[in-house]
Amino acid sequence: MNVLIIGASRGIGYELARQSLEGGDTVYAAARGQTGIARLKDLGVNTLVVNTADALGCSGLSWGIDGVRFDRIWHVAGIFGPRTAGVDPPVQQDFDVVMHTNVLGFMRLVPQYFDALADGGRIGVLSSKMGSIGLRNSPSGWTYRASKAALNSTVKDAALVLGKRGLVVAFHPGWVQTDMGGNGADIPVDRSVADLRRTLDALKPSDSGSFFNHDGQALSW
Ligand SMILES: NC(=O)c1ccc[n+]([C@@H]2O[C@H](COP(=O)([O-])OP(=O)(O)OC[C@H]3O[C@@H](n4cnc5c(N)ncnc54)[C@H](OP(=O)(O)O)[C@@H]3O)[C@@H](O)[C@H]2O)c1
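Heads up: these notes are all about the structure in this document.

Scoring rules and cut-offs
- Residues numbered from 1 in each chain as written.
- Predicted model: local features only at pLDDT ≥ 70, side-chain atom pairs only at ≥ 80, totals over all residues.
- Heavy atoms only, no water.
- Helix = DSSP H or I, 4+ residues; strand = E, 2+ residues; numbered from the N terminus.
- Rg over C-alpha atoms; globule rule 2.2 N^0.38 Å.
- Buried < 20%, exposed > 50% of the residue type's maximum accessible area, 1.4 Å probe, protein only.
- Contact = heavy atoms within 4.5 Å.
- Areas by Shrake-Rupley, 256 points an atom, 1.4 Å probe, with all protein chains shown as cover.
- Core = buried A, V, L, I, M, F, W, Y, C linked by side-chain atoms within 4.5 Å.
- Phe/Tyr/Trp six-rings, centres within 6.5 Å; stacked < 30°, edge-to-face > 60°.
- Lys NZ or Arg CZ within 6 Å of the ring centre and 35° of its normal.
- Salt bridge = Lys/Arg side-chain N within 4 Å of Asp/Glu carboxyl O.
- Pairing = 2+ DSSP bridges.
- Axes fitted to C-alpha atoms, helices over the stretch in contact; angles between N-to-C directions.
- Near = heavy atom within 4 Å.
- Polar contact = N/O pair within 3.5 Å; in protein donor to acceptor, adjacent residues only side chain to side chain.
- Nonpolar A, V, L, I, M, F, W, Y, C, P; charged D, E, K, R; others polar.
- Right-handed = clockwise from strand over helix to strand, strands pointing away.

## Quick notes on the overall build of the protein
Logical step 1: Across its full length, the protein carries seven helices and seven strands.
Logical step 2: When the helices and strands of the protein are read in sequence order from the N terminus, they spell out β-α-β-α-β-α-α-β-α-β-α-β-α-β.
Logical step 3: Computed over the C-alpha atoms, the radius of gyration of the protein is 16 Å, within 12% of the 17 Å expected from 2.2 N^0.38 for a compact globule of 221 residues.
Logical step 4: Seen along its three principal axes, the alpha-carbon backbone of the protein occupies a region of about 45 × 40 × 30 Å.
Logical step 5: Across the 221 residues in the protein, those meeting the buried criterion constitute 50%.
Logical step 6: Taking the intrachain contacts of the protein between residues at least 6 apart in sequence as the baseline, contacts between residues at least 24 apart amount to 67%.
Logical step 7: With the model as given, the accessible surface of the protein reaches about 10100 Å², and the carbon-plus-sulfur share is 53%.

And the structure:
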């Protein structure tokens, strides 16, 4: 299979690249900086430079993957932003960076994903249970929560446009031991990624436009 991963310099994105390569896939992995690109070159995958936080950083994807059709696309890039406890207003710059990186980046890239998607291809978008309104019982990190709730909304819209050509879903990867999740998180990154890959493969076409835990359990928006 041809696999594209956006936000692959470290954490879940890097592990997706590693496991996909190990599984025999042809992997195109994007990072925004030279350190990430160097790590991915060392891993042995095709590299692309994509920064989801700005228009120029998103615009280069199409020509970097020109002519390649992808069976799996993983949209992983994301930042947490201010680690607030209550309803402390974020400063505008923090708000803008989180929203641009986590939401606007996906909105800018999704038409390019659709152009590059093989017939029946599948897109997994790394959201978070923290974005769920139905499951919410804490306001901590409310800027991040708002960004993932907005991302979930755009995943639903993307599924409506994609129709039967393929599948696009939002995922909660678990609380994962990465730089974002921290060492005290619930699960190691290799287990989360193994689950995510297995679950995306196993979903039914009618599951498009829904929200899933890494293990395949359906989640409330
Ligand atoms: N870890 C968890 O417990 C957890 C839970 C729920 C959801 N998630 C979601 O899962 C995804 C991956 O999380 P993670 O734990 O692997 O986080 P991480 O270890 O902090 O890695 C984040 C990745 O996103 C990339 N990134 C950030 N901003 C970017 C931008 N503007 N353009 C391109 N790439 C960018 C980073 O690249 P750089 O190296 O260049 O910064 C890095 O590769 C995120 O969307 C996160 O919200 C994680």
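## Re the nonpolar core
Logical step 1: One finds Leu4, Leu61 and Tyr113 to be the most contacted residues of the largest nonpolar core, which totals 30 residues.
Logical step 2: At the level of elements, strand E1 (2-6), strand E2 (26-31), strand E4 (70-75), helix H5 (92-116), strand E5 (117-126), helix H6 (142-162) and strand E6 (167-172) are the ones that each hand at least two residues to this core.
Logical step 3: Of all the elements, H5 adds the most residues to this core, at six residues.
Logical step 4: Excluding residues within four positions of it along the chain, Leu61 makes contact with Leu4, Ile6, Leu48, Val50, Leu109, Gln112 and Tyr113.
Logical step 5: Membership of the second largest hydrophobic core comes to 28 residues, among which are Leu16, Phe171, Leu200 and Phe212.

## What to know about the packing of aromatic side chains
Logical step 1: Applying the stated criterion across every chain, the model contains five aromatic pairs.
Logical step 2: Between the aromatic rings of Phe80 and Tyr144, the centroid separation amounts to 4.4 Å while the plane-to-plane angle is 25°, which identifies the pairing as stacked. Of the two residues, Phe80 is situated in the loop between E4 and H5 and Tyr144 in helix H6; the sequence distance between them amounts to 64 residues. Accessibility assignment for this pair places Phe80 and Tyr144 in one class, buried.
Logical step 3: Arg39 extends its terminal NZ or CZ atom over the ring of Tyr14, reaching a point 3.9 Å from the ring centre.
Logical step 4: Positioned above the aromatic ring of Phe80, the side-chain terminus of Arg83 is 4.1 Å from the ring centre.

## Regarding the pattern of salt bridges
Logical step 1: Scanning the model with the defined rule gives seven salt bridges in all.
Logical step 2: The shortest N-O distance in the salt bridge between Asp179 and Arg10 comes to 2.8 Å. Residue Asp179 is found in the loop between E6 and helix H7 (189-202), and its partner Arg10 is found in the loop between E1 and helix H1 (11-22); the two are separated by 169 residues along the sequence.
Logical step 3: For Arg10, a relative accessible area of 45% puts it in the partly exposed group.
Logical step 4: One salt bridge connects Glu22 with Arg18, and the closest N-O pair in it is separated by 3.1 Å.

## Regarding the sheet that holds E4
Logical step 1: Strands sit in the order E3-E2-E1-E4-E5-E6-E7 across an open sheet of seven strands; the sheet is parallel. For this open sheet the edge positions go to strand E3 (46-49) and strand E7 (211-213), each flanked by a neighbour on one side alone. Taken pair by pair, the neighbouring strands of this sheet meet at an average axis angle of 25°, ignoring direction.
Logical step 2: Note: E4 against E5, five bridges, orientation parallel.

## So, the site of the ligand
Logical step 1: Around the ligand sit 29 residues in total, of which Ser9, Arg10, Asn51, Tyr144 and Thr178 are the nearest.
Logical step 2: In the environment of the ligand, an oxygen atom lies 2.8 Å from a nitrogen or oxygen atom belonging to the backbone of Ile12.
Logical step 3: Between the ligand and the protein, one listed contact pairs an oxygen atom with a side-chain N or O atom of Thr178 at 2.5 Å.
Logical step 4: Protein contact buries 93% of the 890 Å² of open area that the ligand shows by itself.
Logical step 5: When the residues that make up the shell around the ligand are grouped by side-chain class, the tally is twelve nonpolar, 13 polar and four charged.

## Digging into the pairing of E1
Within a regular beta strand, the side chains point alternately toward one face of the sheet and then the other, so they alternate between its two faces.
Logical step 1: Burial analysis of E1 places four of its five residues in the buried class, which makes it a mostly covered element.
Logical step 2: The parallel pair E1 and E2 is bridged by H1, and the resulting crossover is right-handed.

On their own, these measurements won't tell you what the molecule is for.
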